[in-house]
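Each chain is listed here by its residues.
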Amino acid sequence: MDIITLEISNKKKIPKKYLKKLQVSLKKKQVVILKNILDPLKLKEIKNKTFEFGKKNKPNKKMSNFAFIKKSLHRIDDEHPQMRVKCVNHVFRPSRNDKNFKSFFEITDQIDEIRNSLLKIKKKEYRKSNNGKGYISRPTIKHYPIGGGYMSKHTDKVLGKHSIQVITPLSEKFKDYKSGGLKVKIKKNWHDIDAKLSLGSIVLHRPDLEHKVDKVNRSKKTLWGSISGKWSLISNLDI
Ligand SMILES: [Fe+2]
């Protein structure tokens, strides 16, 4: 099996009896999908608030790499020549100080705990300040607008033993967009991951599995101003 789907049904975390099996699956380069583990209403609220934030605030040219940021940021990536991975998307990086993103941090804290249980990482191993040492979680949101939002195929670096890609959909294929979306290559075959997800799911896979976002409702014009399209919350662990 290339893709493992586990129904969690609102237990909020991975039951202990499944942890070992999922750790082995991820190591073997299988994709893991956890279903019904997050609150769909909160995910909808996060998408709406993020979209509003993008409309009300001017985009930033640069995105800070610091672990802790005072103000929420967002940036539009429209095939920028300096990007390692070519893409058309809108990236948002909320700040913990921003009251508008309260639900975002409730959900990302839950996702971080789920991810850390798989990676056997404790909260105290995290960085406490921008200059401190330890792991960082820098959760971001990506909006791939309809009419051509995409990310070209690539792999990401494996950071020591602790590396895993964690993607939470904030939109649904066939509802918010019809074609395109997340594809992961397993043993020479590209798998349409988005078609298997619903609001409340989390996708996990090793960063060295090739992945891409195919153009979302490909057309001549990209609709940056519309809330439709593909939305994802990314919670990768970093050092
Ligand atoms: Fe990636």
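Residues numbered from 1 in each chain as written. Predicted model: local features only at pLDDT ≥ 70, side-chain atom pairs only at ≥ 80, totals over all residues.

**Comments concerning the overall build of the protein**
We count it as follows: Put simply, DSSP marks the helices as runs of H or I at least four residues long and the strands as runs of E at least two long, and each gets a number from the N terminus on. Note that the radius of gyration is over C-alpha atoms, with the globule rule given as 2.2 Å times the number of residues to the power 0.38. With C-beta atoms placed from the backbone, a residue is labelled by how many other C-beta atoms lie within 10 Å of its own: buried for 20 or more, exposed for 12 or fewer, partly exposed between the two. Our contact criterion uses C-beta atoms placed from the backbone: two residues qualify when those atoms are within 7 Å.
For the protein, the count of helices and strands is three helices and 14 strands. For 239 residues, the compact-globule formula gives about 18 Å, and the C-alpha radius of gyration of the protein, at 17 Å, lands near that figure. Counting only C-alpha atoms and orienting by the principal axes, one finds that the protein spans roughly 45 × 40 × 35 Å. Out of the 239 residues belonging to the protein, those deemed buried represent 34%. In the protein, the share of contacts with a sequence separation of at least 24, taken over all contacts with a separation of at least 6, comes to 79%.

**Observations concerning the environment of Cys-87**
If you trace the backbone, Cys-87 turns up in strand E4 (residues 87–93). C-alpha of Cys-87 to C-alpha of Lys-215: the two residues are 128 residues apart in sequence and 9.5 Å apart in space. Each residue touching Cys-87, except ones within four places of it in the same chain, is listed here: Asp-77, Tyr-150, Met-151 and Ser-152.

**Comments concerning the packing of helix H2 (residues 40–56) against helix H3 (residues 102–119)**
How two helices pack is summed up by the angle between their axes together with the distance between the axes. This is how it is decided: Axis lines are fitted through C-alpha atoms, for helices just across the contact stretch, and the angle between N-to-C directions can take any value from 0 to 180 degrees. Roughly parallel means an angle under 35 degrees; roughly antiparallel means over 145; roughly perpendicular covers 65 to 115; every other angle is labelled oblique. Take the far helix as your reference; a near helix turned counterclockwise from it by less than a right angle gives a left-handed crossing, and one turned clockwise gives a right-handed crossing. Throughout, the ten residues Ala, Val, Leu, Ile, Met, Phe, Trp, Tyr, Cys and Pro are labelled nonpolar, Asp, Glu, Lys and Arg are labelled charged, and all others, Gly among them, are labelled polar.
For the pair H2 and H3, interaxial distance at closest approach is 9 Å and the crossing angle is 130°. By the angle between their directions, the pair H2 and H3 is classed as oblique. Crossing of H2 over H3 shows left-handed handedness. Residue-level inspection shows Lys-42, Leu-43, Glu-45 and Ile-46 of H2 in contact with H3, the latter providing Ser-103, Phe-104, Glu-106 and Ile-107. Residue composition of the contact of H2 with H3, grouped by class: four nonpolar, one polar and three charged.

**Regarding unusual backbone geometry**
In this structure, Lys-29 takes a positive phi of about 65° despite not being glycine. Assignment of secondary structure puts Lys-29 in the loop between helix H1 (16–27) and strand E2 (31–35). According to the C-beta neighbour criterion, Lys-29 is partly exposed, with 15 such atoms within 10 Å. The backbone of Lys-188 shows a phi angle near 70°, a positive value even though the residue is not glycine. Along the chain, Lys-188 falls in the loop between strand E9 (181–186) and strand E10 (189–192).

**As for the nonpolar core**
Heads up, the condition is: The term nonpolar core refers to a group of buried residues, namely Ala, Val, Leu, Ile, Met, Phe, Trp, Tyr and Cys, whose C-beta atoms join them within 7 Å.
Counting residues in each nonpolar core, the largest one holds 41 residues, and the members touching the most others are Tyr-150, Ile-202, Val-203 and Leu-204. Among the elements that make up this core, the one with the highest residue count is H3 (five residues). With residues up to four places along the chain from it excluded, the contact list for Ile-202 reads Leu-34, Ile-37, Leu-38, Ile-111, Ile-114, Val-166 and Thr-168.

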